[in-house]
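Spelled out, the chains give:
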Amino acid sequence: MTGTDIAGGPATTVVDLQIEGMTCASCANRIERKLNKLDGVTAEVNYATEKARVEYAPGVESQLLLDTVQQAGYSARLPQPRTPAATSTPPAADGAAAATGHAGNATDDSAAPDRVESLRHRVIVSALLSIPVIAMAMIPALQFTNWQWLSLTLAAPVVVWGGWPFHRAAAINIRHGSFTMDTLVSIGTSAALLWSLYALFFGHAGMPGMTHGFEFSLSPSDGAGDIYLEAAAGVTTFVLLGRYIEARSKRTAGAALRSLLELGAKDVAVLRDGVETRIPVENLQVGDEFIVRPGEKIATDGRIVDGASAVDTAMVTGESVPAEVSTGDAVVGGTVNTSGRLIVRATRVGSDTQLAQMARMVEDAQSGKAAAQRLADRISGVFVPAVLVLAAATFAFWLLTGSGTSMAFTAAVAVLIIACPCALGLATPMALMVGTGRGAQLGILIKGPEVLESTRRVDTIVLDKTGTVTTGTPALVSVTAADGEDETQVLRHAGAVEDASEHPIARAIAAGARERVGDLPAVAGFRNTEGLGVSGRVGADPTDDTRDDDEVVVVGRPALLAEQEMPLPAELERAVDEASGRGHTAVAVGWGGRARGVLVVADQIKDSSAEAVGRFRGLGLTPILLTGDNARVAASVAQQVGIDPGPDTAISETVIAEVLPAEKVDVIRRLQAQGRVVAMVGDGVNDAAALATADLGLAIGTGTDAAIEASDLTLVRGDLRAAADAIRLSRSTLRTIKGNLFWAFAYNVAALPLAAAGLLNPMIAGAAMAFSSVFVVANSLRLRRFRAAE
């Protein structure tokens, strides 16, 4: 993406660099500082998405950006185009090639699964080796002769190989003069292992018959008989587990863009010189004419040159009822042709299509969302350097007081070990595991810890209508018979004729008729009048050619019946007007020269929607209805579910209708500009960008993959009440994480003075560490008692 500045100067270039090697928010801050020091460069690094959005002036080469990131200790690469059409764009210049990645190409995260699998392998192997080490250290009955040497054999691979990601990150951080939680993990576990080696080989811990007993007295010790192998292996395994859970939650970071790009057609039947040829959709050119048969996706944006049909646009525009289209009408790529055969002339292809533009909106929204720094990382910015300084001061103090090198080193190592974040490593992932596990049982999927903070602050919830508040599919809602007519007969005749049609409204009428009156009679002489309705002979023997044409049943728009000289009487006109006033679709039925009835079809409101709106209000949220449907439909739905401005609302509009996908994003941003923290609930592709833009995105799991992947929370059930439960569960999980972190740090703060004073022997340190971990686990398990609201 390029642009020209206000003064008319040369265009700048924007590129999204893929960053690898970041382990916490401080890494992102360091890369951002390095890039922003370059002349003509403005950068924003997002730890959550592992991207750096960089805007740079002409004369700045993209290679300089990559080199700068590498000099900071990380790796970066330019985004790779994902579609053949995109790769065909010639990279005119270095900057232009970089900008291509920002023009809607999803990032190539093929390396992500390898990183996740590597961490998973390390966690499994480390856990299998650590369990016996911890058991032998904590249970004296298991301490057979020379058990300490078996512990060393099992623990050393865990600390060296299992903890290699921490050691590598710590080395990079130290080389660049910064400290993170990786630094503390690496130094603490390495010190525990090295001191254990010293005690085993040069002290008396390696003697046969050596045991560890639980001794709760506080007394100085020279440490020559103490080993810390269980602490070294346990800390490594626990923190590895937390890192694996975090990496797994990021594994699908680019899935929303992939879902959008994969939504379109894969190939297309093109007419060239009157010959139909099937080609890959990326080879389609502007001006090409292509055929779209019933049930097929429209390959790209275009204009109909021949044919008429109904096009299901719900996945792109949010309209619940398929739109009638004919020659001259514009159609959008990715929508579905439901009935007639169409010939379409392509007007936009590749990155210019509406689908590609929506992909860009999702990418922009995701990149712009502020990265929620984990609490442990924020505190570690001060905590880690302080612990290192305290350990060094402890060593110097005991050495200067004449207590000997062994005593000084033991006290310093005790400081590092007691401060080593065993409980901190469990605080977030354990609560997240339990919370998400319980959520899955209730049909709620929480994607990661970074989304939880938003749930506490959310005060406004925006609800998409189609598929979220409503079912998203048309259904028969009422039948009005003319005076003197039998309602059952009207429904039976209309259902029989509509049963022969593929139109979604026809299918809704046929299904409703079959449900209410049973089997439908056969139809002969079926005829479809494009854009108006259908007709056919209905009866016991419809193939009898002696039947009079007056007995043909006509079903469709009132205009079609008027053409057949069957005007609607006053009572049916009122039914049509009432349906139109509610935004519903009215279908007239007539035969024998008279209009016999009116059928009303509408998108049905889910039974749970009104109750869900009440629950949102109970959580302190202001509900807003947002839809691409017309204003009359939106107002009717809002009234039925209880969405209204109310006397004290600070929002001018609580029902916003007739909005396009880009306008949905604008609505979210407008609310955020008013100082509101916005949650968005949706299910369609047209909601994906809005879900990503909102402070908290909740996707209905019965919707599209793009919406689900762009959201922060996914509701597996189509029940809107699950959204209220999701917010409650997220808030409970966040409270649990904060409680875990508080007590974990409180334990460190309380124990550090004792360690510095040389009053913590290994078993007390190990027991305290184990207790802090058990507390975190037990506190997290309370989330299993979470219940959905009755």
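In this text the structure is predicted, and so the values were computed from the model without any measurement. Counting starts from 1 at the beginning of each chain's written sequence and moves along it residue by residue. The predicted origin of the model limits local features to residues at a pLDDT of at least 70 and limits the giving and counting of side-chain atom pairs to 80 or more, whereas totals for whole chains, interfaces and linings rest on all residues. Derived side-chain values reflect all non-hydrogen atoms in the structure, with water molecules and hydrogen atoms excluded from consideration.

Turning our attention to the pairing of strand β23 (residues 622-626). Buried residues are those whose accessible area, probed at 1.4 Å on protein chains only, stays under 20% of the maximum for their type, while exposed residues exceed 50% and partly exposed ones sit between those limits. The numbering of helices and of strands both runs from the N terminus, where a helix is a DSSP run of H or I of at least 4 residues and a strand a run of E of at least 2. Within β23, 5 of the 5 residues are buried, which leaves it mostly tucked inside the rest of the structure. Residues T622, I624 and L626 point to one face of β23 and P623 and L625 to the other, with burial holding for every one of them. Only strands joined by at least two bridges in the DSSP assignment are considered to pair. The pairing of strand β16 (residues 460-464) with β23 spans 5 bridges and is parallel. Directly across from T460, in β23, lies its bridge partner T622.

Attention shifts here to unusual backbone geometry. For residues besides glycine, phi is generally negative; the peptide bonds are generally trans as well. Positive phi outside glycine occurs at N146, with the angle close to 65°. On the basis of relative accessible area, N146 is assigned to the partly exposed category, the value being 31%.

In terms of nonpolar packing, the biggest core is built from 46 residues, with I461, L463, F616, V681, L698, L715 and L720 touching the most fellow members. Here the element with the most residues in this core is helix α27 (residues 721-756); it accounts for 9 residues. Within the second largest apolar cluster, 40 residues are counted, among which are L154, V159, A191 and A756. Take the buried residues of types Ala, Val, Leu, Ile, Met, Phe, Trp, Tyr and Cys, join any two whose side-chain atoms come within 4.5 Å, and each joined set is a nonpolar core.

A helix is expected to span 1.5 Å multiplied by its residue count minus one. The terminal C-alpha atoms of helix α7 (residues 164-175) lie 16 Å apart, and with 12 residues this matches the ideal 16 Å at 1.5 Å per residue to within 8%. Within α7 the residues assigned to the buried category are F166, H167, A169, A170, I172 and N173. Two residues or fewer after α7 comes G177, characterised by a positive phi angle close to 75°.

Following the UniProt record, one finds the feature "transmembrane region" (unreviewed entry) at residues 123-141, 147-164, 184-207, 227-245, 379-400, 406-428, 740-757 and 763-781. A distance of 26 Å separates the end C-alpha atoms of residues 147-164, which is 94% helix and 0% strand. End C-alpha atoms of residues 740-757 are separated by 26 Å, and the span's content is 94% helix alongside 0% strand. UniProt positions are given in the numbering used here, feature names are shortened, and annotations may be inferred rather than shown by experiment.

What follows deals with the sheet that holds strand β19 (residues 533-538). Strand order in the open sheet made by the 6 strands is β17-β22-β21-β20-β19-β18, with antiparallel pairing throughout. Each edge of the open sheet is held by one strand with a lone partner, namely β17 (470-481) and β18 (523-529). Taking the axes of each pair of neighbouring strands and ignoring which way they run, one obtains an average angle of 20° across the sheet. Judged from the 8 bridges that link them, β17 and strand β22 (residues 594-605) form a sheet pairing that is antiparallel. From the neighbouring strand, S478 faces β22, where its bridge partner is V600. Where helix α18 (residues 487-498) meets the sheet, it contacts β17, β18, β19, β20 (552-556), β21 (585-591) and β22, and its direction lies at approximately 110° from that of β19. Note on definitions: angles span 0 to 180 degrees between N-to-C directions of axes, and those axes are lines fitted to C-alpha atoms, for helices only across the stretch in contact. Should any heavy atoms of two residues lie within 4.5 Å, those residues are considered in contact.

All right, on to the side chain of S501 then. When you line up the elements, S501 lands in the loop between α18 and α19 (504-517). Assessed through its relative accessible area of 15%, S501 is described here as buried. Counted as a polar contact is a pair of N or O atoms within 3.5 Å, where, for protein atoms, one must be capable of donating a hydrogen and the other of accepting one, and residues adjacent in sequence contribute only when both atoms are in side chains. Only 3.2 Å separates the side chain of S501 from the backbone nitrogen of H503, close enough to count as a polar contact.

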